[in-house]
Amino acid sequence: MEFRHLRSFLAIADELHFGRAAAKLHLTQPSLSQQLQRLERALGVELVTRTSHVVRLTPAGEAFEVQARTIVAQLATAERTAREAAAGRAGTVNLGYNFFAGRHILPATLAKLADDYPDVTVEPRELRTGPQLAALADGTLDVALVYGQPATARFASRRLLRVPMVAVVGREHRWAGRPGVPFAELAHQPCMLFDRAQCPAMYDEILGSARRSGIALTVARSVDDPSATAFVVSVKPLVAFASASYGLGASALGARVVAVRLYDPVPMIDLYAVWRVEERNPLVAAFLDSMASAGPFRAPGVT
């Protein structure tokens with residue numbers, strides 16, 4: 001069975017006239033009849049009956065017509081999807097993002113992408129910076145939204161905005177009611193950090209702010225999971241760190257933690273979009289274009 005035989009059969013079903021069906025397909029009538037005969041031999045059933053005056057589908061032909069139309073429509077969709085994918089207008093983008101990007105970058109970006117590229121699907125995964133970059137390197141992700149610019153020639157990047165960091169404490173902590181705290185006061189507070197590989201830019205900025213303040217942090221505990229961090233500080237007199245968005249989000253979600261602004265200095269980190277230099281997925285450009293059109297973006301607490 002060949003696809004052209006299906007199209008010939010459907011033309012006959014549409015016209016119920018061999019001459020008009022042949023003209024519709026730019027075929028001779030004998031050629032159209034031969035294609036129908038080959039299809040019927042392949043199926044082992046008669047699809048069309050005709051007399052000198054009437055052409056009609058047999059019961060088998062009527063049943064086959066439904067499925068044949070589905071096959072032709074699916075093939076047309078497949079052809080269009082292939083062309084759109086080759087042109088960077090259809091397919092899937094595997095995207096990594098962090099909490100901040102999920103709240104402040106993706107909503108407008110995905111809305112713009114849906115308007116401009118309705119056949120592009122995004123598969124998002126929320127991860128910290130280190131795991132995102134590892135997944136980008138092994139091809140699991142196509143784009144990563146991370147803190148800090150990767151120092152490798154394998155990746156290209158685009159800076160999106162600067163993000164302030166805050167202290168995160170439990171509601172019973174003595175800082176909980178304060179609008180802001182000088183960074184130097186952390187000298188007298190046990191802190192929670194995370195392994196540097198999880199987010200090097202954030203880790204380095206926290207320690208760098210401590211050096212600029214002339215203090216050394218007392219790291220009492222290390223926890224890599226942001227949600228677990230919030231649970232721990234809700235019951236322990238510890239100070240953790242997060243982006244301003246994450247700290248505010250934790251409070252909004254009803255967790256027993258609050259965000260406290262840090263100043264003198266305000267620790268800041270840069271959010272980047274990162275992708276492979278040798279990128280073969282044309283949809284990456286579509287995603288980046290939509291993100292650029294959706295911007296510029298602003299972080300909470302930054303004017």
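Residues numbered from 1 in each chain as written. Predicted model: local features only at pLDDT ≥ 70, side-chain atom pairs only at ≥ 80, totals over all residues. Heavy atoms only, no water.

A. Molecular detail of the overall build of the protein. Within the protein one finds eleven helices and twelve strands. Counting only C-alpha atoms, the protein reaches 100 × 40 × 30 Å along its principal axes. Per-residue burial over the protein gives 45% buried out of 303 residues. Across the protein, every contact between residues at least 6 apart in sequence was considered, and the portion connecting residues at least 24 apart equals 76%. Split by element, the accessible area of the protein, about 15,200 Å² in all, is 52% carbon and sulfur. Of the charged side chains in the protein, 33 are positive and 28 negative, and the gap between their average positions amounts to 3 Å. (Helix = DSSP H or I, 4+ residues; strand = E, 2+ residues; numbered from the N terminus. Buried < 20%, exposed > 50% of the residue type's maximum accessible area, 1.4 Å probe, protein only. Contact = heavy atoms within 4.5 Å. Areas by Shrake-Rupley, 256 points an atom, 1.4 Å probe, with all protein chains shown as cover. Lys, Arg positive; Asp, Glu negative; His and termini not counted. Charge placed at Lys NZ, Arg CZ, Asp CG, Glu CD.)

B. Summary view of the packing of helix H1 (residues 3-15) against helix H3 (residues 29-43). Put simply, H1 and H3 touch, their axes get as near as 9 Å, and they point 110° apart. As judged from the angle between their axes, H1 and H3 are roughly perpendicular. For the pair H1 and H3, the sense of crossing is left-handed. Residue-level contacts link Arg4, His5, Leu6, Ser8, Phe9 and Ile12 of H1 to Leu32, Gln35, Leu36, Arg38 and Leu39 of H3. Taken together, the residues of the contact of H1 with H3 sort by class into six nonpolar, three polar and two charged. (Axes fitted to C-alpha atoms, helices over the stretch in contact; angles between N-to-C directions. Parallel < 35°, antiparallel > 145°, perpendicular 65-115°, else oblique. Left-handed = near helix turned anticlockwise from the far one by under 90°. Nonpolar A, V, L, I, M, F, W, Y, C, P; charged D, E, K, R; others polar.)

C. Structural context of the packing of helix H6 (residues 106-116) against helix H11 (residues 283-294). Look at H6 against H11: their axes get within 8 Å of each other, and the N-to-C directions meet at 120°. The orientation of H6 with respect to H11, classified from their angle, is oblique. You can see that H6 and H11 cross each other, and the crossing is right-handed. Side by side, H6 and H11 meet where Leu106, Ala108, Thr109, Leu110, Lys112, Leu113 and Asp116 of the first sit next to Ala286, Phe287, Ser290, Met291, Ser293 and Ala294 of the second. Along the lines of polarity and charge, the residues of the contact of H6 with H11 split into eight nonpolar, three polar and two charged.

D. Seen up close, helix H7 (residues 129-137). If you check which residues of H7 are buried, you get Thr129, Gly130, Gln132, Leu133, Ala135 and Leu136. The inward-facing, buried residues of H7 contact strand S3 (90-97), strand S5 (143-147), strand S6 (155-170), helix H8 (200-212) and strand S12 (268-276). Residue glycine 139 follows H7 closely and has a positive phi angle near 90°.

E. Inspection of the side chain of serine 213 at higher detail. Residue position: serine 213 is located in the loop between H8 and strand S9 (218-222). Looking at serine 213, the relative accessible area reads 18%, which means it is buried. Of note is the side chain of serine 213, whose polar atom sits 2.9 Å from the backbone oxygen of serine 209. Discounting residues that sit within four places of it in the chain, serine 213 has contacts with Phe183, Ala184, Asp264 and Pro265. (Polar contact = N/O pair within 3.5 Å; in protein donor to acceptor, adjacent residues only side chain to side chain.)

F. Examining the pairing of S6 more closely. Pairing analysis gives nine bridges linking S6 to S12, with the strands arranged antiparallel. Looking at the pairing, arginine 162 lines up with aspartate 270 of S12. The pairing of S6 with strand S10 (residues 240-243) spans four bridges and is classified as antiparallel. The residue of S10 that forms the bridge with methionine 165 is serine 243. Bridging between S6 and strand S11 (residues 257-263) involves five bridges; their strand directions are antiparallel. Looking at S11, one finds that glycine 170 is bridged to valine 257. (Pairing = 2+ DSSP bridges.)

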